[in-house]
Amino acid sequence: MTCNTHAPKRTDGVPAIDVRALQKHYGSFQVLKDVTLSIAPGRRVVICGPSGSGKSTLIRCMNGLERFDGGELHINGLAINGKARRLDLIRRDVGMVFQHFNLFPHVSILENLMIAPMKVRGKSKAEAESLARFYLERVKLSAHADKRPLAISGGQQQRVAIARALCMEPRIMLFDEPTSALDPEMTREVLDVMVGLAGDGMTMVCVTHEMGFARSVADEVIFMDAGRIVERNVPDVFFQAPAHDRTRAFLQQII
Ligand code: ADP
Ligand code: MG
C-alpha cells in the first residue's frame, strides 16, 4: 500500500490555512479579535497562551467545529462558509486530536480506526482495515488492535486517537492540548509520535504548552492572549528574546 499522504500536495503557493481578520463572539463576549494567520503546506505551528485566550476556539474554527462572525478562513484554498457540503470537504483534509481522546469504548481499537474511513470516505472494509493496521503500526500499537480502548493506558489511547485521525488521510493535523491530561511518561510517547509526523512533512497546528516540543519541531510559535495573536516568531527568537511583556510573563510561568 502506498501511504504518502503527508506530502504537501500543493506547490502553487496556496496556504494550507489562511485566517484573515477572524472575529468570534460568544454573546457579547469577543473571544477572537481580528486574528490573521497564514500557514503554508508542511509548516508546523505551535500556539500557546493562557487559559481562556481563544486557542481552542481558533483551531476549532479551522475545521469548521466553530462558526465565526467576521473575517475569512480558507483551508487549502477553499473558503469555510458554514455550508454543510463544504464542511465535509474541509474535514476530510483536516484531522483533529483533542485533549480527551473520545474513542468509542465499546468497539476494538482496530474498529475505532475503521469506522470513519468507511462511513465518511466510502472505503471498503478491507481498505479501511489495511489503513488502520498501517497507522496502528505507525503509532506502535499493532499488538493492541483487538483490545478495547479502556484496556490500554491514556498515552496509548491518545496515540490511537492520532492514528484514527491519520486514517482519514488528512493534509492538515490540528492538535488541541493533546498531552495535557497525561503524565510525563505518556506525554513523551505521544510527543514522539507527533515529532515523527512533523518529520513526514504533515502540516501541523498544535496548541500545547510543551515548549521542548515547540523548540525542536515548530517552524513558528504563536502566543495568544485575550483573543489576539500577541506575538509570533521562530522558536529561537520567541524563547530567547520575546518582544512583549505578556509573552515573557507567560513563558516565565510555564518553563
Ligand atoms: P483556550 O483554549 O485558550 O483556553 P477557549 O477558546 O477555550 O480558550 O475559550 C476562550 C474564551 O471563550 C474563554 O473565556 C471561554 O470561557 C469562552 N468560551 C469558550 N467556549 C464557549 C462557549 N461555548 N460559550 C461561551 N463562552 C465560551
Ligand atoms: Mg483550550
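These numbers come from a predicted model, not from an experiment. (Residues numbered from 1 in each chain as written. Chains lettered and ligands numbered in written order. Predicted model: local features only at pLDDT ≥ 70, side-chain atom pairs only at ≥ 80, totals over all residues. Heavy atoms only, no water.)

Here we look at the site of ligand 1
Around ligand 1, the neighbouring residues are Tyr26, Phe29, Val31, Pro50, Ser51, Gly52, Ser53, Gly54, Lys55, Ser56 and Thr57. In this structure, an oxygen atom belonging to ligand 1 sits 2.7 Å away from a main-chain N or O atom of Gly52. For ligand 1, an oxygen atom lies 2.5 Å from a polar atom in the side chain of Thr57. Summarising the interface, the protein chains cover 58% of the accessible area of ligand 1, which totals 560 Å² for the free molecule. At the level of elements, strand 2 (29-39) and helix 1 (55-61) are the ones that each hand at least two residues to the shell around ligand 1. Per element, the largest residue contribution to the shell around ligand 1 is three residues, and it comes from helix 1. (Near = heavy atom within 4 Å. Polar contact = N/O pair within 3.5 Å; in protein donor to acceptor, adjacent residues only side chain to side chain. Areas by Shrake-Rupley, 256 points an atom, 1.4 Å probe, with all protein chains shown as cover. Helix = DSSP H or I, 4+ residues; strand = E, 2+ residues; numbered from the N terminus.)

Some remarks on the side chain of Gln156
You can see Gln156 is positioned in helix 5 (residues 154-166). Using a relative accessible area of 18% as the deciding quantity, one classes Gln156 as buried. Within polar-contact distance, the side chain of Gln156 engages the backbone nitrogen of Ser153 at 2.9 Å. Excluding anything up to four places from it in sequence, Gln156 contacts Leu141, His144 and Glu189. (Buried < 20%, exposed > 50% of the residue type's maximum accessible area, 1.4 Å probe, protein only. Contact = heavy atoms within 4.5 Å.)

What to know about the sheet that holds strand 9 (residues 220-225)
An order of 6-7-8-3-9-10 is seen for the six strands of this open sheet, with the pairing classed as mixed. Of all the strands in the sheet, the pair left with one neighbour each is strand 6 (94-97) and strand 10 (228-233). In this sheet, neighbouring strand axes are inclined to one another by 20° on average, regardless of whether the strands run parallel or antiparallel. Here strand 3 (residues 44-48) pairs with strand 9 via four bridges, running parallel. Among the inter-strand pairings, Ile47 is bridged to a residue of strand 9, identified as Ile222. The sheet contacts of helix 5 involve strand 6 and strand 7 (172-176), and relative to strand 6 the element is tilted by about 170°. (Pairing = 2+ DSSP bridges. Axes fitted to C-alpha atoms, helices over the stretch in contact; angles between N-to-C directions.)

Overview of the UniProt feature "domain: ABC transporter" (unreviewed entry) in the protein chain
In this numbering, the UniProt entry assigns the feature "domain: ABC transporter" (unreviewed entry) to residues 17-251. Within the segment residues 17-251, helix and strand shares are 39% and 26% respectively, and the terminal C-alpha atoms sit 26 Å apart. (UniProt positions renumbered as here; feature names shortened; annotations may be inferred.)

Overview of the nonpolar core
A general tendency of soluble globular proteins is for nonpolar side chains to be buried together. The biggest cluster of nonpolar side chains holds 49 residues, and the ones touching the most others in it are Ile162, Met173, Phe175, Met194 and Met204. When neighbours within four sequence positions are excluded, Met173 is seen to be in contact with Gly95, Val97, Ile162, Ala165, Leu166, Leu197, Met202, Thr203, Met204 and Val205. Within the second largest apolar cluster, 27 residues are counted, among which are Val35, Leu58, Val94 and Met224. (Core = buried A, V, L, I, M, F, W, Y, C linked by side-chain atoms within 4.5 Å.)

Side note on the layout of surface pockets
In this structure, the largest pocket spans a volume of roughly 630 Å³. Along its surface, the largest pocket is lined by 25 residues, and Met96, Phe98, Ala116, Arg164 and Met168 are the ones closest to its centre. In the lining of the largest pocket, the residues fall into 14 nonpolar, six polar and five charged. In this structure, the second largest pocket occupies an estimated 150 Å³ of space. Arg138, Val139, Lys140, Arg159, Leu166, Glu189, Asp192, Val193, Gly196 and Leu197 are the residues that line the second largest pocket. Residue contributions to the lining of the second largest pocket peak at five residues, all from helix 6 (residues 184-199). Here the residues of the lining of the second largest pocket sort into four nonpolar, one polar and five charged. (1 Å grid on protein atoms, 1.4 Å probe; cavity = no way out; pocket = protein on both sides within 12 Å on 5 of 7 lines; lining within 4 Å. Points joined across faces, edges and corners; volume = space filled by probe spheres on them. Nonpolar A, V, L, I, M, F, W, Y, C, P; charged D, E, K, R; others polar.)

Topic: the packing of aromatic side chains
Considering all chains together, one arrives at three aromatic pairs under this definition. Taking 4.9 Å as the distance between ring centres and 90° as the angle between the ring planes, the aromatic pair formed by Phe134 and Tyr135 counts as edge-to-face. For Phe134, a relative accessible area of 31% gives the class partly exposed. The exposure class of Tyr135 is buried, given its relative accessible area of 0%. Ring geometry for Phe238 and Phe239: centres 5.3 Å apart, planes at 85°, overall edge-to-face. By relative accessible area, Phe238 is classed as buried at 0%. Overall, the relative accessible area of 11% leaves Phe239 in the buried class. Above the ring of Phe104, the side-chain terminus of Arg164 is found at 5.9 Å from the ring centroid. (Phe/Tyr/Trp six-rings, centres within 6.5 Å; stacked < 30°, edge-to-face > 60°. Lys NZ or Arg CZ within 6 Å of the ring centre and 35° of its normal.)

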